[in-house]
Amino acid sequence: MPDLHLTPAEEALLAGSAGPGVQKAMQIVVALGRIYAAPDLTPITHAQISGVSYKNLGDAGVDFLNHWAAEGASVRVPTTLNPAGMELERWQEMGISPDFARPQLIAISAFRQMGVTPTMSCTPYLFPGIAPRRGDHLAWAESSAVVWANSVVGAYTNREGGPSALAAAIVGRTARYGYHLEANRLATHVVEIACPLRTIADFGALSYIVGKEVGDGVPYFPDLGAWLPPLPADLTTGGEAGDRLKTLGAGIAAYGAVALYHIAGVTPEARDLGERLIRGDARRLTIDSLAPAYAIMDANPETTQIDLVTIGCPHASLTELRRVAARLHGEKLATRLWVTTSQITRARAAQEGLIDLIQQAGGEVVADTCAVVAPVRQLGIKRMATNAGKMACYAPMHSGVEMRFGDLEQCLEAAITGQWRAPSLPPI
Ligand code: F3S
């Protein structure tokens, strides 16, 4: 097998010509290239770093970042951050302890020192001016965003780890293997849908089944487009179709390890190549019921009292904020509601008066964090409800909470009454 080819400039970085911080980054990128038999490195246009919360980093992670920053490393391409463990400006208001906040702020300042933009969101694809374009090579570590970039946009990224995405940002390139190569973007599974998909939660339930069946394969959906309105011209608003795909991508990345899917007539590669994207040995499966997924994701059917309803996983789009605000108009909430989003989307929503409407009902529009990476148990939250497939998977695992899973209407009803009630649309 030929060794990884490096240009003279890359060899120089590896030899330490730009200092120890850059050399360390190059060592990581090159090591990955050799492990995965990459022919060479490819320049990237953007990096997204995950593992930002102090809850994930711990003291060792904060020290590691500080050390890297002190070595003079700084990013060469626009680089953004995943959610942290708290809202940076409002952590006291959220009830976060100084023992958590202090190291969290130190970690963010190390990222800033390296030139990273502290966006603290898992949805960089919803940021005007930052969202990737078709054909871009990226180093993204947030698994839900990876699926969006590869599938909805037609960009190229592997599922990076937090350190490898930062390393790629520091050297401005990543090893060309995996989903950077066309040959690895062919579909390994054909997934037909034989049941209705009515809500975002239904797309979350679908993601459970597909993630478990497909693992780290590439699904091709010949008929899923029938359940999607047209994608909006401005994808950064989300739109009903974008919100459904955002949930689907997050769930198949969480319940499986999917990084790319194709939808006939909808996603860019499927529009161009159609069934030529399907490998000859692709497995075929048909999904005719979502009920088995609901039975598992709605994990605690005996739980009726809810401490926190959380909407926005991945971070809420403008469209989702509009829907929540419209439903809460004139209501008073009986329990805590977090709509988690980015600072950027929150500012756009504020211009439409949506934040005021949600706050007047007693809800919180929380930026920079989410109910998985925030220390929710320390905030006294034990019973949660969500309409997001990935949240239903991760919150019980990472925060030890009881979970109710259902559609947006059911979740907002629970926020208004404090009680989880039977769904308006029973699972099919
Ligand atoms: Fe984002 Fe948190 Fe969900 S990081 S994808 S809102 S678990």
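Counting from 1, residues in each chain are numbered in the order their sequence is written. Local features are withheld for residues below a pLDDT of 70 in this predicted model, meaning they are given only at 70 or higher, and side-chain atom pairs are given and counted only at 80 or more; totals for whole chains, interfaces and linings count all residues. With hydrogens and water set aside, each side-chain value is computed from the structure's full complement of heavy atoms.

## Some words on the domain arrangement of the protein chain
We count it as follows: Boundaries between domains were set according to an automatic or database domain assignment. In this description, contact between two residues means that some pair of their heavy atoms is separated by no more than 4.5 Å. When two components associate, each loses some accessible surface as probed by a 1.4 Å sphere; the sum of these losses over both components is called the buried area. A carboxyl oxygen of Asp or Glu within 4 Å of a side-chain nitrogen of Lys or Arg is what we treat as a salt bridge. Counted as a polar contact is a pair of N or O atoms within 3.5 Å, where, for protein atoms, one must be capable of donating a hydrogen and the other of accepting one, and residues adjacent in sequence contribute only when both atoms are in side chains. When residue character is reported, Ala, Val, Leu, Ile, Met, Phe, Trp, Tyr, Cys and Pro are called nonpolar, Asp, Glu, Lys and Arg charged, and the others, Gly included, polar.
Considered domain by domain, the protein chain is made up of domain 1 (8-181), domain 2 (186-293) and domain 3 (298-417). Between domain 1 and domain 3, the contact holds 27 residues from the first and 27 residues from the second. Three residues, Lys55, Glu87 and Met94, lead the burial of domain 1 against domain 3; their summed loss comes to 29% of the area buried on that side. Residue lysine 390 is joined to glutamate 142 by a salt bridge in which the shortest nitrogen-to-oxygen separation is 2.9 Å. The tally of links between domain 1 and domain 3 comes to 12 residue pairs in polar contact (both at pLDDT 80 or more). Within the side of domain 1 that touches domain 3, the residues separate by chemical class into 13 nonpolar, 10 polar and 4 charged.

## Here we look at the environment of phenylalanine 100
Cut-off, in case you're wondering: Starting at the N terminus, helices and strands are each numbered in turn, a helix being any DSSP run of H or I of at least four residues and a strand any DSSP run of E of at least two. A 1.4 Å probe rolled over the protein chains alone gives each residue an accessible area, and that area as a share of the maximum for its type sets the label: buried under 20%, exposed over 50%, partly exposed in between.
As for its placement among the helices and strands, phenylalanine 100 is situated in helix H5 (residues 98-113). In this structure phenylalanine 100 comes out as buried when scored by relative accessible area, which is 6%. Spatially, the C-alpha atoms of phenylalanine 100 and proline 222 are 47 Å apart, while their sequence positions differ by 122 residues. Residues within four places of phenylalanine 100 in sequence aside, it is in contact with Ser53, Tyr54, Lys55, Gly85, Met86, Val373 and Pro375.

## Some words on the pattern of salt bridges
A complete count under the given rule lists 24 salt bridges for this structure. Ionic pairing is found between arginine 322 and glutamate 352, a salt bridge with its closest N-O pair at 2.8 Å. Of the two residues, arginine 322 is situated in helix H12 (residues 318-328) and glutamate 352 in the loop between helix H13 (343-351) and helix H14 (354-360); the sequence distance between them amounts to 30 residues. Here the salt bridges do not stand alone but share partners, grouping Glu87, Arg90, Glu93 and Arg346 into one network.

## Focus on the state of the cysteines
Quick note on the threshold: By convention in this document, the label disulfide applies to cysteine sulfur atom pairs within 2.5 Å.
Summed over all chains, the structure comprises 0 disulfides. Free of any disulfide, cysteine 411 has its nearest cysteine sulfur in cysteine 313, 12 Å distant.

## Focus: the site of the ligand
To keep it simple, the criterion reads: The near set for a molecule or strand comprises every residue that places at least one heavy atom within 4 Å of it.
Taken together, Pro83, Cys122, Glu142, Ser144, Gly312, Cys313, Pro314, Cys370, Val372 and Lys390 make up the full set of residues near the ligand. Counting contributing residues, the shell around the ligand receives three or more from each of domain 1 (8-181) and domain 3 (298-417).

## Some points on helix H16 (residues 408-417)
Where burial is concerned, most of H16 is hidden: 7 out of the 10 residues are buried. Every buried residue belonging to H16 is among Leu408, Gln410, Cys411, Leu412, Ala414, Ala415 and Ile416, and all of these are buried. In this structure, the buried side of H16 is in contact with strand E10 (308-311), H12, strand E11 (336-341) and strand E13 (383-386). Here H16 starts with a cap whose side-chain oxygen sits 3.1 Å from the backbone nitrogen of glutamate 409, and that cap is aspartate 407. Once H16 ends, the next one or two residues include glycine 418, with phi positive near 80°.

## Digging into the sheet that holds E11
Keep this limit in mind: Any two strands with at least two DSSP-identified bridges between them are counted as paired. Axis lines are fitted through C-alpha atoms, for helices just across the contact stretch, and the angle between N-to-C directions can take any value from 0 to 180 degrees.
Strand order across the open sheet formed by 5 strands is E12-E11-E10-E13-E14, with parallel pairing between neighbours. Edge positions in the sheet fall to strand E12 (364-367) and strand E14 (402-405), since each has one partner strand and no second. Averaged over all adjacent pairs, the angle separating strand axes in this sheet is 30°, with direction ignored. As paired elements, E13 and E14 share 4 bridges and run parallel to each other. By the bridge assignment, arginine 383 is partnered in E14 with glutamate 402. Set on the sheet, H13 makes contact with E11 and E12; between it and E12 the angle comes to about 145°.

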